[in-house]
Amino acid sequence: MFHKVLIILSSALTVASAIGVLVTKDIVRACIFLFFSLFGVAGIYASLGADFVAVTQIMVYVGGVVILMLFAVMLTGGPGKESAGSKGYLLIPMMGNKITFGFGIFSGLVLLLTMAKITKSVIASVTISEVEGFASTVERIGSLLVSEHVLAFEISSILLLGALVGAAMIARPRKNV
Amino acid sequence: MFGLAWYLGIGFVLFCTGITVMIARKSIVAILIGIELILNGAAINFVAYSKFVTQDLDGHIFPLFIIIVAAAEAAVGLAIVIRFYQIRETIHIDEATQLQS
Amino acid sequence: MNSTVANYFSEFESYQKMVDWLSGIAGFDTATLVMVVVISLMAFIVINAMMLVGGLGTYAERKISADLQARIGPNRVGPYGILQFLADGLKMTMKEDVTPAKADKVLFNLAPFLSLFGIFGTLAVLPISSGLALSHLNVGVFFLIAISSIVGIGIFLGGYASNSKWSMLGGMRGASQIVSYEIPVTLSVLSIVLLAGSLNFKVIVGGQTGMPTGWFIFHNPFSFMAFFVYSIAALAEANRAPFDLPEAESELVSGYHTEYTGMKFGIFALAEYIEVFVLASVAAAMFLGGYNVPFHLGGDGIIGQVLQLGAFVTKSLLIYYVVIWIRWTFPRLRADQLMVVCWKYLTPIAIFNLVGSAVWLYAFKGQSILQLVLHSGGSSAGGH
C-alpha cells in the first residue's frame, strides 16, 4: 500500500509539475515547477528501489541546479524586465505560438507511437517482481563505480573540474566589453 | 499496473515536455530547464529497465553520470547565459544572431 | 539495514498480538496498516516535540543573551518567563497577515513552507535513539544533508517574492551561503563516514561508545579537526551568527523575512531554530557518541531507549547552548569574508581531513589514537 501511494504521488507530482513548467509564463515559477518535478523524479527512483540515486537527485538537482538557475535568472535582469528590443518585440522570456505548440504535440505523438512499437516486445516479456524490501544499493554501487565503471568515474571528475574552471572563466566580468 | 510501461510513460511525458519547453520558450534559462527535463526522462528509463529487465545495478550507475553531466552542463550553460547578458543585455534566444552575418 | 520505529515495536509480543487481533476483526491482514499508523503517530510526536524545541529555543536565546549581557530577560509569563514563547506564538497568530501589493502572491506564501518542509524532512532520519528513531535509512546522512538544502530555496524565494530590495539581497546572500557551505559540511561528514564505513546513522553511532574514549571526535587528529570544520560550516548553513548575513539587521533591516508578518514570519523563525537543533544533533551523533549511554546502561528495552533519548538530547542541547553563546560573543562577518572563509580555508581543510582520514585508516588499520598509545605502552611495558 505504502509503495503504491508513493508511486502515484510522485508520478502525479512529476507530470503535473512538468506540465506546469510548460504552461507558466513566469521564469521563476518555471524554476519552482522544475524543482517540484525533480523532487517527484526522486520519489520515482525511491519507488524503484534506487535509494542512492534518489538522494543524489535531491542533492544535486534540488540543492544545486535549481538554485543555480534562480541565480542566473536574477543575474540576468530578473523575470519582469519588459523592454522593447531593437527588433520590436518584448524582451521578456515569452511563450511560443500555436505553430510551435502544434509541432511539439505532433512530434510527441510520433515519438510515442515509435516508442510503443519498439518497446512492445520488451514490455510484454517482463516479469514484474515485487520490491524486495528495499535492499541497500550503496555498497554495490560503490564497488561498481571503482571496478567496472572506473574509467567513466575518473573522467567525470575531469569533466567536473573543467566545468568549474570553465564556468568561472566564462562568467568572469571583463572591462573591455 | 505499476510495471515497466508506467515508468516508461512517465519518462516519455517528461521527455516530450522538455522538448516542447525547448521549442516554445524564448529565454535561454527556460531552454536549459527543458534540457534538464529531457535528461531526467531518460534517466528514469535506465532505472526502470534495471529494475524490471536486467535486475542488476548498472542501470543505477547511468543516472548518476547523467546527474553529473547535467550539473556540469547547467554550470557552464548558465555561465554562458550570464556572459551573453553582459554583452547583449538580454537573454532572448533570437538575439543570438552574431553568426548569421 | 533499513529499519523504522515500527520494526522496533514489532519485536514486542504484544504488538504482534494486537496486529493479529485487529486482523481477526477486520478480516484482512492489517500489518501494513498498523505500521502506517505507528509511523504516523511517531512522526506526529517527533514533529510536535521539535516545535517545542524550536519554541523553547527562542526563549533560551533571549534568556542566555540576557545572562551574557547581565540583564534579566523575559520573566513575566509563567515561572522564570518560560511560557514567553507561547505568548509570542499567540501574538503572531493574531497579527494581521499582510502580503505586499507588488509581491508574487503564490511564491510569497509558498516560501516559508518550503523552508519548513526541508527541516521536517531531516527529522525522518534524526537518530534520537536506537529504536525510537523514525527511520534508520541506509543513506541517512546523505539524505539529511540533501533534504536540508531545500531550506535554501525557501529563503531565496522568500527574498525574491517579497519584491523588496532588502529581501532580495538577503535571499540571494542566504542561498549562496547555503550552497557554498554545504561543501565543507559534506566533506567533514564524509571523513566520519569513512571511519564508520556506512551512511546509516545506526552504524555510525553504533561504531562509537558511551564514554568519550570511543567517540569519533577523539579517533584521530583529522576527525578532531573535522569536528571544528563541521561546527563552523554548520553555523553558516543554519544562518546563525556570526554568519547571519541574510538577516543582518544593521544592513538589511531583517533580510529575507523583512516583508513577512504574523505566523509566516513565525514559521521562518521556527525553521531556523529547529535547523540549529538538527545540525547540533548531527554533530552529536557523528562526533560525540550520539545516543550511546555510558556502560550501556538500561540495555535495549524501553528504559534503555529512554536513557538513550536523554543522552542524545543532552548532547544536542549542550551544543545548542554553545551556538547561542557564539552568537552573542562574535561580531558578524562581511559578505566577502564569508566566501573567503568557505572557499579558501574551510574547503581545503576539509579535503585535507578527508585524505588524512583515509590515510590514517590505511596506515593504522582503523585503530584510534588512544588504542595506538595504549598498545605501544602496553607492549613496551611487557617487553621490559
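Since we're looking at a predicted model, the values are computed, not measured. (Residues numbered from 1 in each chain as written. Chains lettered and ligands numbered in written order. Predicted model: local features only at pLDDT ≥ 70, side-chain atom pairs only at ≥ 80, totals over all residues. Heavy atoms only, no water.)

Asks: What should I look at first to understand the overall build of chain B in this one?
Replies: Counting secondary structure elements, chain B contains three helices and zero strands. Mapped in sequence order, the helices and strands of chain B form the string α-α-α. Counting only C-alpha atoms, chain B reaches 50 × 25 × 20 Å along its principal axes. Looking at chain B as a whole, 61% of its 101 residues are labelled buried. Taking as baseline every contact in chain B between residues at least 6 positions apart, the subset at least 24 positions apart corresponds to 54%. Put simply, chain B shows about 3700 Å² of open surface, and 68% of that area lies on carbon and sulfur atoms. Side chains of chain B give 5 positive and 7 negative charges; the mean places of these two sets differ by 6 Å. (Helix = DSSP H or I, 4+ residues; strand = E, 2+ residues; numbered from the N terminus. Buried < 20%, exposed > 50% of the residue type's maximum accessible area, 1.4 Å probe, protein only. Contact = heavy atoms within 4.5 Å. Areas by Shrake-Rupley, 256 points an atom, 1.4 Å probe, with all protein chains shown as cover. Lys, Arg positive; Asp, Glu negative; His and termini not counted. Charge placed at Lys NZ, Arg CZ, Asp CG, Glu CD.)

Asks: Any chance you could explain the overall build of chain C here in plain terms?
Replies: The helix and strand inventory of chain C stands at 15 helices and two strands. Computed over its C-alpha atoms, the radius of gyration of chain C comes to 23 Å, within 12% of the 21 Å expected for a compact globule of 384 residues. Over its C-alpha atoms, taken along the principal directions, chain C stretches across nearly 80 × 65 × 40 Å. Put simply, chain C shows about 17300 Å² of open surface, and 72% of that area lies on carbon and sulfur atoms. Distance between charge centroids for chain C: 8 Å, based on 20 positive and 21 negative side chains. (Rg over C-alpha atoms; globule rule 2.2 N^0.38 Å.)

Asks: Explanation requested: the arrangement of the chains in the structure shown.
Replies: Comparison of the two pairs of chains in contact shows the highest number of contacts for chains A and B. Chain B shows no contact with chain C. Their nearest C-alpha atoms sit 13 Å apart.

Asks: Can you walk me through the interface of chain C and chain A in this structure?
Replies: Accessible area lost when the parts come together is the quantity often used to give the size of an interface. Each partner contributes residues to the interface: chain C has 35 residues there, and chain A has 28 residues. Interface area, chain C with chain A, both sides summed: about 2600 Å², of which 84% is carbon and sulfur. Summed over the shared surface of chain C and chain A, the result is zero salt bridges. At the surface where chain C touches chain A, the tally comes to zero residue pairs in polar contact (both at pLDDT 80 or more). Secondary structure elements with two or more residues in the side of chain C that touches chain A: helix H3 (31-68), helix H5 (105-123), helix H6 (140-148), helix H7 (150-161) and helix H8 (165-196) of chain C. At seven residues, H8(C) tops the list of elements feeding residues into the side of chain C that touches chain A. Residue composition of the side of chain C that touches chain A, by class: 26 nonpolar, seven polar and two charged. (Buried area = accessible area lost by both parts, 1.4 Å probe. Salt bridge = Lys/Arg side-chain N within 4 Å of Asp/Glu carboxyl O. Polar contact = N/O pair within 3.5 Å; in protein donor to acceptor, adjacent residues only side chain to side chain. Nonpolar A, V, L, I, M, F, W, Y, C, P; charged D, E, K, R; others polar.)

Asks: Sorry if this is basic, but what is going on with the side chain of C:Thr122 here?
Replies: Residue and element names in this part refer to chain C. On the secondary structure map, threonine 122 appears in helix H5. Taking relative accessible area as the criterion, threonine 122 reaches 1% and is therefore assigned buried. The residues contacting threonine 122, other than those within four sequence positions of it, are Leu144, Ile147, Ser148 and Val278.

Asks: Please explain the environment of B:Val21 as it appears in this structure.
Replies: Note that B:Val21 resides in helix H1 (residues 4-24). Given the relative accessible area of 0%, B:Val21 is considered buried. In sequence terms B:Val21 and B:Leu37 are 16 residues apart; their C-alpha atoms lie 9.0 Å from each other. Excluding anything up to four places from it in sequence, B:Val21 contacts A:Val21, A:Leu22, B:Ala30 and B:Gly34.

Asks: Hey, could you run me through the interface of chain B and chain A in this one?
Replies: Contacts between the two partners involve 69 residues from chain B and, on the opposite side, 89 residues from chain A. Carbon and sulfur atoms make up 77% of the surface buried where chain B meets chain A, a total of about 6700 Å² over both sides. Where chain B meets chain A, there are zero salt bridges. Remark: the boundary between chain B and chain A carries five residue pairs in polar contact (both at pLDDT 80 or more). When contributions to the side of chain B that touches chain A are tallied by element, the ones reaching two or more residues are H1, helix H2 (28-54) and helix H3 (58-88) of chain B. Sort the elements by how many residues they give to the side of chain B that touches chain A and H3(B) lands first, with 24 residues.

Asks: Just to check I follow, could you spell out empty space enclosed by the protein for this structure?
Replies: To find leftover empty space, a probe the size of one water molecule is rolled over the atoms. Residues and elements named next belong to chain C. Tallying each qualifying case throughout the model produces two cavities of 30 Å³ or more. Considering only enclosed or pocket space, the largest cavity measures out at about 60 Å³ in volume. Residue lining of the largest cavity: Ser115, Val151, Ile155, Ala238, Asn239, Glu247, Tyr256, Phe268, Ala271, Glu272 and Glu275, and that is the complete set. The element best represented in the lining of the largest cavity is helix H12 (residues 262-287), accounting for four residues. Split by residue class, the lining of the largest cavity holds six nonpolar, two polar and three charged. Taken as a whole, the second largest cavity spans an internal volume of roughly 40 Å³. Elements that contribute at least two residues to the lining of the second largest cavity include exactly H6, H8, helix H10 (221-237) and H12. Among the elements that line the lining of the second largest cavity, the one with the most residues is H6, at three residues. (1 Å grid on protein atoms, 1.4 Å probe; cavity = no way out; pocket = protein on both sides within 12 Å on 5 of 7 lines; lining within 4 Å. Points joined across faces, edges and corners; volume = space filled by probe spheres on them.)

Asks: Is there a simple way to explain the pattern of salt bridges in this structure?
Replies: For side chains bearing opposite charge, pairing can occur when the charged atoms are close. Residues and elements named next belong to chain C. A complete count under the given rule lists six salt bridges over all chains for this structure. Taking the shortest distance from any N to any O, the salt bridge between arginine 62 and aspartate 88 comes out at 3.0 Å. Of this pair, arginine 62 sits in helix H3 while aspartate 88 sits in helix H4 (residues 84-94); the two residues are 26 residues apart in sequence, bridging distant segments of the chain. Its salt-bridge partner being arginine 334, residue aspartate 336 comes within 3.0 Å of it at the nearest N-O pair. Among the charged side chains, a network of salt bridges with common partners joins Glu61, Arg240, Glu272 and Arg327.

Asks: How should I be thinking about H2(B) in this particular structure?
Replies: Count 3.6 residues to each turn of an α-helix, and residues three or four apart come out pointing the same way. Residue and element names in this part refer to chain B. Across its 27 residues, H2 extends 38 Å between first and last C-alpha, which sits within 8% of the 39 Å expected from 1.5 Å per residue. Within H2, 20 of the 27 residues are buried, which leaves it mostly tucked inside the rest of the structure. Phi turns positive one or two residues past the end of H2, at glutamine 55, with a value near 55°. (Expected span 1.5 Å × (residues − 1).)

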